[in-house]
Amino acid sequence: MTYVYTVIAFGLIYTMLALGLNLQMGFTGIINFGYVAFVAIGAYTSALLTVDLHWPLLAGWAAGAALAALASYPLGLLTIRLGGDYFAVVTLGFSELALLVVLNERQLTHGAIGITGIHRPFAALGPHLSAPLALLTIAALTAFTAYLIWQIGHSPLGRLLRAIQANESAAQALGKNTVGYKVLVLVVGSAIAGLAGALYAHWVQYISPDQFSPDVTFNTFIALILGGVGSLLGPVIGAFVLIFFLQGSIVLQDYVHIFSANQQSALRFMIIGLALVLLIVFRPEGIMGRMKSRRSRRSADVS
Amino acid sequence: MLLEARDIEKSYVGSRVLKSVSVALKPGSITALIGPNGAGKTTLFDIISGFVQADSGMVRYSGEEITRKPAFLRARRGIVKTFQIPHEFGGLSVLDNLLVASSDQIGERFPVGLWSRRAAREQERVNTETAYGILEFLGLLASREVKAETLSAGEKKLLELARALMLAPRLLMLDEPLAGVPVSVGEQILEHLVDIGAQGKTLLIVEHNLEAVMRVADWVYVLVDGELLASGRPSDVQCNERVQAAYLGKA
Ligand SMILES: Nc1ncnc2c1ncn2[C@@H]1O[C@H](COP(=O)(O)OP(=O)(O)O)[C@@H](O)[C@H]1O
Ligand SMILES: [Mg+2]
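Engineer: Is there a simple way to explain the site of ligand 1 in this structure?
Structural biologist: All names here are of chain B. Ligand 1 sits among Tyr12, Val17, Pro36, Asn37, Gly38, Ala39, Gly40, Lys41, Thr42 and Thr43. With respect to ligand 1, the backbone of Lys41 contributes an N or O atom lying 2.8 Å from an oxygen atom. Thr42 places a polar side-chain atom, nitrogen or oxygen, 2.7 Å from an oxygen atom of ligand 1. Alone, ligand 1 offers 560 Å² of accessible surface; in the complex the protein occludes 58% of this. In terms of residue count, helix α1 (residues 41-49) provides more of the shell around ligand 1 than any other element does, 3 residues in total. Here the residues of the shell around ligand 1 sort into 4 nonpolar, 5 polar and 1 charged.

Engineer: I would appreciate a short explanation of the sheet that holds strand β6 (residues 79-81) of chain B in the present structure.
Structural biologist: Hydrogen bonds between backbone atoms are what pair the strands of a sheet, whose relative direction is either parallel or antiparallel. Residue and element names in this part refer to chain B. Across the sheet, 6 strands lie side by side as β6-β7-β8-β3-β9-β10; this open sheet has mixed pairing. Looking at strand neighbours, the two that pair on one side only are β6 and β10 (227-232), the edges of this open sheet. If you compare each strand with its neighbour and ignore which way they point, the axes differ by 15 degrees on average. Two elements, strand β3 (residues 30-34) and strand β8 (residues 202-206), share 4 bridges in a ladder whose sense is parallel. The residue bridging Ala32 from the neighbouring strand is Ile205, located in β8. In this fold α1 packs onto β3, β6, β7 (171-175), β8 and β9 (219-224), with an angle of close to 150 degrees to the strand it touches most, β7. Sheet strands touched by helix α7 (residues 183-198): β3, β7 and β8. Its angle to β8, the strand with the most contacts, is close to 145 degrees.

Engineer: I keep staring at the coordination of the magnesium ion (ligand 2) and nothing clicks. Help me out?
Structural biologist: Put simply, a metal with four donors set out as a tetrahedron has ideal angles of 109.5 degrees, and one with six donors set out as an octahedron has ideal angles of 90 or 180 degrees. Coordination of the magnesium ion (ligand 2) by the protein involves Thr42 of chain B (OG1) and Gln84 of chain B (OE1), with metal-donor separations of 2.0 to 2.1 Å. In this pair, Thr42 of chain B sits in helix α1 while Gln84 of chain B sits in the loop between β6 and α3 (94-101), placing the two residues 42 residues apart along the sequence.

Engineer: Please clarify how the interface of chain A and chain B should be interpreted in this entry.
Structural biologist: A common way to report how large an interface is uses the accessible area buried once the components associate. Residue-level contacts link 27 residues of chain A with 29 residues of chain B. Taken together, both faces of the contact between chain A and chain B bury some 2,400 Å²; the carbon and sulfur share is 65%. Connecting chain A to chain B are 3 salt bridges. Where Glu108 of chain B meets Lys176 of chain A, a salt bridge forms, and the shortest distance between an N and an O atom there is 3.2 Å. For the pair chain A and chain B, the number of links is 8 residue pairs in polar contact (both at pLDDT 80 or more). Elements that contribute at least two residues to the side of chain A that touches chain B include exactly α6 (127-153), α7 (156-166), α8 (168-173) and α9 (178-204) of chain A. Among the elements that line the side of chain A that touches chain B, the one with the most residues is α7 of chain A, at 7 residues. Along the lines of polarity and charge, the residues of the side of chain A that touches chain B split into 16 nonpolar, 8 polar and 3 charged.

Engineer: Just to check I follow, could you spell out the nonpolar core for this structure?
Structural biologist: Inside soluble globular proteins, nonpolar side chains tend to come together where they are buried. Within the largest apolar cluster, 130 residues are counted, with the highest numbers of intra-cluster contacts made by Leu17, Trp203, Ile207 and Phe212 of chain A together with Ile189 of chain B. With 16 residues, the single largest contributor to this core is α9 of chain A. In this structure, this core is formed jointly by two domains, domain 1 (3-88 + 152-246) and domain 2 (89-150) of chain B, each of which donates at least three residues. Counting 27 residues, the second-largest nonpolar core is a separate cluster that includes Leu2, Ala5, Val59 and Met173 of chain B.

Engineer: What am I meant to see in the packing of aromatic side chains here?
Structural biologist: One pass over the full model with this rule turns up 7 aromatic pairs over all chains. Seen from their ring centres, Tyr200 of chain A and Phe212 of chain A are 6.1 Å apart, and the 85 degrees between their planes marks the pair as edge-to-face. In this pair, Tyr200 of chain A is assigned in helix α9 and Phe212 of chain A in the loop between α9 and α10 (214-227), connecting sequence segments 12 residues apart. In terms of burial, Tyr200 of chain A and Phe212 of chain A fall into one category: buried. When the ring of Phe51 of chain B is compared with that of Phe83 of chain B, the centres are 5.6 Å apart and the planes differ by 70 degrees; the resulting orientation is edge-to-face. Residue Phe51 of chain B is located in the loop between α1 and β4 (56-61), and its partner Phe83 of chain B is located in the loop between β6 and α3; the two are separated by 32 residues in the primary sequence. By relative accessible area, which is 24% here, Phe51 of chain B ends up partly exposed. Taken together through their ring pairs, the aromatic side chains of Phe10, Tyr44, Tyr200 and Phe212 of chain A make up a single cluster.

Engineer: It is not clear to me how the sheet that holds strand β2 (residues 15-25) of chain B should be interpreted in this structure. Could you clarify?
Structural biologist: All names here are of chain B. The sheet built from 4 strands is open, its strands ordered β2-β1-β4-β5 with antiparallel pairing. Two strands close off the open sheet at either side, each with one partner strand: β2 and β5 (64-65). In the sheet, strand β1 (residues 3-12) pairs with β4 via 5 bridges, with the strands oriented antiparallel. Paired with Leu3 across the bridge in β4 is Tyr61. Along the sheet face, α1 touches β1, β2 and β4 and points at about 60 degrees away from the line of β2.

Engineer: Would you take a moment to explain helix α3 (residues 57-79) of chain A for this structure?
Structural biologist: Residues and elements named next belong to chain A. Compared with the 33 Å implied by 1.5 Å per residue over 23 residues, the 33 Å span of α3 between its first and last C-alpha is a close match. Inspection of α3 places Leu57, Gly60, Trp61, Ala63, Gly64, Ala65, Ala68, Ala69, Ser72, Leu75, Gly76 and Thr79 among the buried residues, and these make up the whole buried set. Tucked inside the fold, the buried residues of α3 contact α2 (35-51), α4 (84-104), α6 and α9.

Engineer: How should unusual backbone geometry be read in this particular structure?
Structural biologist: Backbone phi values are negative for most residues with the exception of glycine, while trans is the configuration of most peptide bonds. Of note, the amide linkage connecting Phe110 of chain B to Pro111 of chain B takes the cis form, showing an omega dihedral of -5 degrees. When you line up the elements, Pro111 of chain B lands in the loop between α3 and α4 (112-115). Phi is positive for Phe122 of chain A, close to 60 degrees, though the residue is something other than glycine. Even without glycine at this site, Ser20 of chain B takes up a positive phi of about 45 degrees. You can see Ser20 of chain B is positioned in strand β2.

Reading the values: rules and limits
Residues numbered from 1 in each chain as written. Chains lettered and ligands numbered in written order. Predicted model: local features only at pLDDT ≥ 70, side-chain atom pairs only at ≥ 80, totals over all residues. Heavy atoms only, no water. Near = heavy atom within 4 Å. Polar contact = N/O pair within 3.5 Å; in protein donor to acceptor, adjacent residues only side chain to side chain. Areas by Shrake-Rupley, 256 points an atom, 1.4 Å probe, with all protein chains shown as cover. Helix = DSSP H or I, 4+ residues; strand = E, 2+ residues; numbered from the N terminus. Nonpolar A, V, L, I, M, F, W, Y, C, P; charged D, E, K, R; others polar. Pairing = 2+ DSSP bridges. Axes fitted to C-alpha atoms, helices over the stretch in contact; angles between N-to-C directions. Contact = heavy atoms within 4.5 Å. Donors = N, O, S within 2.8 Å, 3.2 Å for Na, K, Ca; no water. Buried area = accessible area lost by both parts, 1.4 Å probe. Salt bridge = Lys/Arg side-chain N within 4 Å of Asp/Glu carboxyl O. Core = buried A, V, L, I, M, F, W, Y, C linked by side-chain atoms within 4.5 Å. Buried < 20%, exposed > 50% of the residue type's maximum accessible area, 1.4 Å probe, protein only. Domains from an automatic or database assignment. Phe/Tyr/Trp six-rings, centres within 6.5 Å; stacked < 30°, edge-to-face > 60°. Expected span 1.5 Å × (residues − 1).

Printed below as a string of structure tokens:
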């Protein structure tokens with residue numbers, strides 16, 4: 001049962017991550033290769049504040065999201081004008097830098113040892129109750145995030161973001177502060193990543209720097225591409241497909257002994273890579289993409 | 001003068017694209033900017049609208065110096081330009097292309113727009129009506145739900161114009177608005193431009209269809225190789241020998 005809970009919790013947390021990335025990449029066209037940095041900031045902020053300073057859990061989560069947002073703001077102001085490719089490279093550098101800071105500022109972050117004893121929500125109720133209740137809390141926050149993103153997607157703001165992605169100069173010629181909107185999207189997406197990071201820390205109850213490698217960014221991109229970049233439901237589907245696959249193949253490892261553990265994990269990435277290539281070739285709009293465009297066509301007929 | 005650009009200089013690696021160019025636009029006038037390909041017309045447009053920074057010189061609008069003002073702020077002040085190469089929002093419907101253009105949208109604010117939904121909807125309704133009017137006039141109403149990327153080149157030029165009109169600009173700058181547009185529609189657009197001018201708006205038009213431009217313009221600047229060769233009333237400019245030699249002869 002615990003294992004099922006964890007799979008669902010990871011699925012939800014990756015859903016949240018994919019939702020934030022979708023706002024940045026899917027809606028606005030911002031490629032953020034340093035996404036994991038904001039996840040780490042959220043996780044560490046909440047963990048340190050609740051463990052070392054005994055903050056209440058909700059305050060820790062809020063601070064995690066807020067600090068991730070705050071960190072992304074100057075980064076965005078300084079670099080978003082650089083243009084897509086440069087920005088992607090700078091963010092990748094930023095996430096490596098964040099990881100180095102976590103590793104070396106041992107006084108603050110506990111270094112490579114990591115932080116133990118992070119509380120789960122409802123921990124006082126005992127492990128049997130706290131796991132499902134914590135899961136429900138994560139589900140509720142993920143649902144709220146999905147609702148927020150859905151609202152943005154269906155508002156004039158979402159329309160403007162898609163316009164900025166389609167042609168930034170044209171949006172500027174119409175009086176839109178495109179740089180401001182891109183920074184806004186970066187900040188909101190980072191807050192979502194920070195919250196997801198905090199939720200993750202309090203679910204697994206132990207964090208260390210190696211949990212925040214670029215793999216997290218990579219996996220989030222995969223989830224988003226699987227589900228359909230820019231589609232509204234895509235991130236949910238993509239995240240769960242990814243987590244079921246990743247976790248499923250780990251379980252399988254215990255029963256199938258043809259490959260060594262190393263070979264297995266290599267094989268896992270080969271399968272993901274192959275699936276991505278096939279998907280991009282045969283269904284570039286993602287698993288959910290087709291449905292979305294069918295719906296928008298229908299609504300076009302109605303009006 | 002509504003707009004004044006003085007002593008504008010611009011060079012790209014090795015070549016001087018604009019050589020101390022000065023233009024001035026009277027409020028409510030229609031000014032044409034003509035000249036052969038590569039003369040620097042689009043570059044001058046970009047400098048006035050804020051998309052390109054001049055190497056030197058200054059731009060003054062409505063009594064205020066705007067030489068270093070970012071493009072989007074100039075647009076908000078009423079300087080709206082269209083692009084020579086259509087810059088449509090390809091994945092958006094034609095109607096959405098126009099709706100995006102509307103200024104001061106409550107629904108674009110974050111996070112306020114997410115809960116002031118009634119006000120946003122009401123504003124959207126008004127903007128949609130405006131958009132329908134413009135689309136109807138330009139003959140794009142039937143295509144309002146199709147994605148902008150599927151339009152023909154001529155229709156995209158019209159969309160470009162339609163979007164600019166959504167902002168009700170004080171100074172409307174059109175970069176070859178008739179290129180690729182069917183002649184009959186072009187005629188209508190010209191008439192409409194005269195109407196817009198009559199309403200006190202100021203227009204600056206780059207156009208290759210000389211005969212058309214000469215008909216609607218109050219004032220003409222002739223730009224050749226980055227230099228102002230002549231300026232004046234259309235009739236005077238047409239008679240100017242240097243212009244005939246340098247431009248009309250070639251065209
Ligand atoms: N970004 C740029 N970099 C280098 N050269 C440019 C650039 N933009 C324009 N030019 C050059 O400047 C000259 C003027 O171009 P342009 O303003 O587009 O002329 P026009 O609109 O009159 O046809 C051309 O020779 C063009 O090649
Ligand atoms: Mg040009």
